[in-house]
Amino acid sequence: MSFTLAKLSELTATTAVGDADCEIDRVESLQQATGGAITFFANPKLKQDLKRTRASAVILKEEHLESCPSNALLTDNPYLVFARVAGLLNPPPAHAPGIHPTAVVSKSATVGEGCSIGPGAVIDDDCVIGNNTCIGPNCCLHAACVIGEHCRLVSHVTLCERTALGQRVIIHPGVVVGSDGFGLASEGDKWFKIPQLGRVRIGDDVEIGANTTIDCGALEDTVLEEGVKLDNQIQVAHNVRIGAHTVIAGCTGISGSTTIGRFCKIGGAAAIGGHLRIADHVTLGGMTRVGKSIEKAGTYVSGTPMQPYRDWLRSSALYKKLGQLAERVRKLEEQKGPGES
Amino acid sequence: MSFTLAKLSELTATTAVGDADCEIDRVESLQQATGGAITFFANPKLKQDLKRTRASAVILKEEHLESCPSNALLTDNPYLVFARVAGLLNPPPAHAPGIHPTAVVSKSATVGEGCSIGPGAVIDDDCVIGNNTCIGPNCCLHAACVIGEHCRLVSHVTLCERTALGQRVIIHPGVVVGSDGFGLASEGDKWFKIPQLGRVRIGDDVEIGANTTIDCGALEDTVLEEGVKLDNQIQVAHNVRIGAHTVIAGCTGISGSTTIGRFCKIGGAAAIGGHLRIADHVTLGGMTRVGKSIEKAGTYVSGTPMQPYRDWLRSSALYKKLGQLAERVRKLEEQKGPGES
Amino acid sequence: MSFTLAKLSELTATTAVGDADCEIDRVESLQQATGGAITFFANPKLKQDLKRTRASAVILKEEHLESCPSNALLTDNPYLVFARVAGLLNPPPAHAPGIHPTAVVSKSATVGEGCSIGPGAVIDDDCVIGNNTCIGPNCCLHAACVIGEHCRLVSHVTLCERTALGQRVIIHPGVVVGSDGFGLASEGDKWFKIPQLGRVRIGDDVEIGANTTIDCGALEDTVLEEGVKLDNQIQVAHNVRIGAHTVIAGCTGISGSTTIGRFCKIGGAAAIGGHLRIADHVTLGGMTRVGKSIEKAGTYVSGTPMQPYRDWLRSSALYKKLGQLAERVRKLEEQKGPGES
């Protein structure tokens with residue numbers, strides 16, 4: 001796959017500078033690119049690397065053109081254009097349409113045109129799969145799942161009963177969608193399982209990272225709105241709702257019935273409690289513990305800084321004695337008497 | 001599936017109030033229920049919702065009956081009775097008994113009566129599967145696993161060699177039971193793998209959430225006692241023992257050789273160190289870091305509260321200087337002299 | 001499988017003491033061992049257990065020989081020798097070479113001599129599998145994976161396109177290697193997927209625990225050097241590099257483009273930020289939050305100690321007011337005047 005610089009400029013609505021006929025066949029990093037490659041420049045700290053790059057072309061802002069030794073594509077958002085060009089030069093692997101002979105597809109399932117159903121995939125009763133969707137090897141779709149068009153389930157993906165996916169949804173290996181939520185009623189000291197009767201509904205253009213789990217709702221549904229992007233190993237409990245275009249980094253856990261707003265950015269390994277509401281446009285730092293609702297947009301963090309072990313021993317011992325320390329300060333304040341203040 | 005109110009009352013040992021012949025065919029929430037649905041009332045804050053509910057019947061305590069506009073089932077534990085009724089109205093999906101032609105079952109394996117072995121499932125040598133157990137699609141049982149009756153492995157479940165399950169165990173997709181523990185002996189700067197020779201033994205009525213992992217023991221066994229309930233993405237290391245009827249929320253990790261008592265409630269994303277003992281009836285808050293044994297029942301937590309980013313920067317900088325702050329207070333105390341105290 | 005003490009002594013280059021013809025057929029713990037078993041003694045706190053052991057032989061240092069009631073193998077590293085002996089007595093399960101008839105192997109794939117390809121395994125186009133490697137049931141190898149000799153993929157393992165494994169690599173069930181990294185370019189308030197074009201390269205003698213995920217690189221590769229050992233449920237993001245012989249405990253997450261040195265020991269549930277560098281020989285405590293690079297070898301920790309709930313409420317409230325407390329101390333210092341110091 002290759003394009004001339006002129007063609008890339010046309011396809012990405014950017015301005016080409018230099019040799020418009022230059023052939024581009026791959027993307028590479030600013031430092032490692034060689035002839036035939038296109039790269040991008042977005043971080044001003046790397047200006048020396050820009051000056052030395054051996055790429056055939058660089059995607060950058062016009063203001064940096066004078067430091068560019070090669071052809072260029074001019075744009076206000078070099079990283080986005082780079083992503084587009086990378087996609088043009090590396091289209092997702094084509095899957096030959098058809099149902100592999102080792103796949104097991106129920107007679108009551110409906111498989112659209114142009115779909116690819118991989119080896120060992122299992123499609124249970126009453127599933128409906130939209131056109132041009134790819135179900136990779138060893139995926140399991142339990143009964144009555146409904147999947148839109150142009151979706152891709154890479155491999156080893158499980159969709160439990162009645163899961164609904166929109167269009168262009170990408171699900172990476174090991175993901176489980178629609179498993180039973182953690183619903184228990186106490187019966188004295190023991191626990192009784194509460195049937196989990198809701199579904200999972202996932203909007204268009206959602207992407208879900210490897211080994212992430214999303215539980216079905218207890219009575220109503222668990223919902224991911226359009227454009228949500230989840231990284232790997234995220235846990236989404238029953239009846240969570242995640243607003244459109246929110247992105248969540250790996251290893252984060254979201255407890256049941258919590259609603260997360262739109263356009264949020266949630267750091268990795270965050271732990272979000274249950275029955276909370278998080279506003280739109282909230283950013284959470286990595287490993288943040290969210291114990292109450294967040295009503296205002298902004299950036300929030302919890303946790304203490306890393307220290308060398310001995311320093312940490314001292315800080316953490318004092319942390320437990322913060323109450324005593326505050327009391328000692330109060331006594332000192334008292335002793336100086338009102339006349340001294 | 002539907003029942004009269006009288007029949008539900010009989011099956012749940014509750015007192016029916018109102019039209020005993022009323023037909024109930026589903027459970028719904030207090031707010032969304034309509035005719036034909038039964039719901040429950042347990043949270044006094046929702047009394048206005050109770051007054052407005054359109055459900056055909058509400059499960060509640062007698063003391064709230066006067067606010068109930070519909071038929072009722074009276075009980076001291078509405079949530080438990082609701083769970084029971086939900087189970088009666090939504091029995092788990094029936095699986096046609098039989099071994100799917102694409103399943104691979106070793107000749108030396110024993111499969112009980114009424115079992116369902118799904119497409120692509122692999123049952124290795126010397127496995128023994130009790131009656132009426134359901135092994136879902138693409139599950140793998142390595143050699144010599146022993147499974148009780150009425151168990152359900154949903155799909156994509158792996159049981160490694162010699163795993164033992166009791167009766168009525170439910171295992172959700174992506175779970176791995178019996179994988180090698182993280183056992184390494186140092187050999188200078190390098191690491192030598194220690195064979196992991198123990199098994200995993202799981203008691204009756206245990207439920208294990210999606211993508212949870214439970215390692216086999218190093219020499220002796222890893223054990224989950226009866227009635228333990230694990231949520232999704234929990235890590236249980238080798239030689240851990242979890243006491244009966246303990247429940248653990250998602251994303252929690254338990255390091256090797258730790259013993260957790262009975263009737264504990266462990267919050268999500270907790271991190272529990274190795275070789276510890278946790279007493280019975282301990283509750284741990286979400287994201288708690290357990291670095292030492294807990295000898296007394298009670299509730300324990302660690303971690304600092306979430307703050308807006310700028311406030312957090314200040315708190316965390318001061319945390320590192322707690323030693324200096326304590327020293328400054330000590331000096332102030334010294335300076336006021338013994339006569340002033 | 002059994003050996004005489006003399007043979008074990010020869011195979012492990014240790015000194016046998018006592019009955020050299022004694023037959024040993026299993027390893028057991030110091031406390032539970034009986035006749036025919038060999039055990040080890042490394043923890044001086046267990047000296048009373050050593051004196052009472054009923055094992056046929058004990059692996060220990062010469063200095064403890066006088067407390068040993070049985071035969072012995074003398075060595076400076078009893079735990080390592082124990083691991084070796086356990087391996088001799090419990091060789092990994094042999095897998096009959098051959099390709100199971102239900103496996104799906106592309107015609108363009110190359111499978112070495114002595115390999116075992118399990119039921120339901122899928123080996124896509126252009127994969128190359130070295131001699132004597134075992135691919136367990138229901139594993140999926142996407143196109144162009146290259147695997148060395150004597151590797152073992154236990155079951156349900158996914159290798160995405162072009163993953164490269166060295167020799168003797170062990171991968172436990174549910175692991176996903178080479179899934180797309182979390183690469184997104186902002187397009188206004190929305191997100192555009194950046195194609196992930198790098199691979200994952202894994203060195204010799206690496207072991208990867210159950211349900212761990214390792215993303216492919218964005219442009220360059222994600223790399224695990226030789227001898228790295230990863231526990232269960234670890235997340236390794238795109239373009240991470242982990243140095244040789246580093247060990248990482250379960251549930252740890254490593255964000256993109258971070259480089260971890262050689263010979264590190266990383267505690268469980270640590271959260272390591274992106275674009276950081278961690279030096280060789282660094283040890284991290286469990287649940288440590290790493291927000292900046294670590295340039296010096298040593299031990300580092302973050303987090304606050306667990307407390308009973310009421311104490312924690314007080315400590316965490318005061319933590320948020322640390323700024324005010326520091327200000328009050330500053331005022332007290334000011335008031336005593338320069339003459340008093």
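What counts as what
- Residues numbered from 1 in each chain as written.
- Chains lettered and ligands numbered in written order.
- Predicted model: local features only at pLDDT ≥ 70, side-chain atom pairs only at ≥ 80, totals over all residues.
- Heavy atoms only, no water.
- Least-squares fit on C-alpha atoms with pLDDT ≥ 70 in both.
- Contact = heavy atoms within 4.5 Å.
- Buried area = accessible area lost by both parts, 1.4 Å probe.
- Salt bridge = Lys/Arg side-chain N within 4 Å of Asp/Glu carboxyl O.
- Polar contact = N/O pair within 3.5 Å; in protein donor to acceptor, adjacent residues only side chain to side chain.
- Pairing = 2+ DSSP bridges.
- Helix = DSSP H or I, 4+ residues; strand = E, 2+ residues; numbered from the N terminus.
- Axes fitted to C-alpha atoms, helices over the stretch in contact; angles between N-to-C directions.
- Buried < 20%, exposed > 50% of the residue type's maximum accessible area, 1.4 Å probe, protein only.

Rotating chain A by 120 degrees and translating it 0.0 Å along the rotation axis places it on chain B, where the RMSD comes to 0.1 Å. These values place the two chain copies in the arrangement generated by a three-fold rotation axis.

With 71 residues of chain A in contact, the opposing surface of chain C contributes 70 residues. Interface area, chain A with chain C, both sides summed: about 5700 Å², of which 65% is carbon and sulfur. For the chain A face of the interface with chain C, the top three residues by lost area are Met287, Met306 and Tyr319 of chain A, together amounting to 14%. Where chain A touches chain C, the interface holds three salt bridges. Glutamate 333 of chain A is the partner of arginine 328 of chain C in a salt bridge, and the nearest nitrogen-oxygen pair spans 2.8 Å. One can count 24 residue pairs in polar contact (both at pLDDT 80 or more) joining chain A with chain C.

What follows covers the sheet that holds strand β7 (residues 71-74) of chain A. All names here are of chain A. Here we have five strands laid out as an open sheet, ordered β2-β7-β6-β5-β4, and mixed in their pairing. With one partner strand each, in any of the chains shown, β2 (15-17) and β4 (26-27) form the two edges of the open sheet. Pairing of β4 with strand β5 (residues 37-40) involves two bridges; the strand directions are parallel. Directly across from arginine 26, in β5, lies its bridge partner alanine 37. Against the sheet, helix α3 (residues 78-89) touches β4, β5 and β6 (57-60), its axis set at about 155 degrees to β5.

Here we come to the environment of glycine 36 of chain C. All names here are of chain C. Mapping glycine 36 onto the fold places it in the loop between β4 (26-27) and β5 (37-40). Classification of glycine 36 as buried rests on a relative accessible area of 12%. In this structure, the C-alpha to C-alpha distance between glycine 36 and threonine 133, residues 97 residues apart in sequence, is 33 Å. Each residue touching glycine 36, except ones within four places of it in the same chain, is listed here: Glu23, Ile24, Asp25, Arg26 and Ser56.

Turning to the pattern of salt bridges, a few remarks are in order. Pairing between side chains of opposite charge can happen when their charged atoms approach one another. Under the counting rule described, the total for this entry stands at 42 salt bridges over all chains. For arginine 26 of chain A, the salt bridge identified is with glutamate 28 of chain A, shortest N-O distance 2.8 Å. With a shortest N-O distance of 2.7 Å, glutamate 327 of chain C and arginine 330 of chain C are connected by a salt bridge. Of the two residues, glutamate 327 of chain C and arginine 330 of chain C are both situated in helix α5 (residues 322-335); the distance of three residues between them amounts to about one turn of the helix. Within this structure, Asp25, Arg26 and Glu28 of chain A form a network of salt bridges that share partners.

Purely geometric numbers; function is a separate question.
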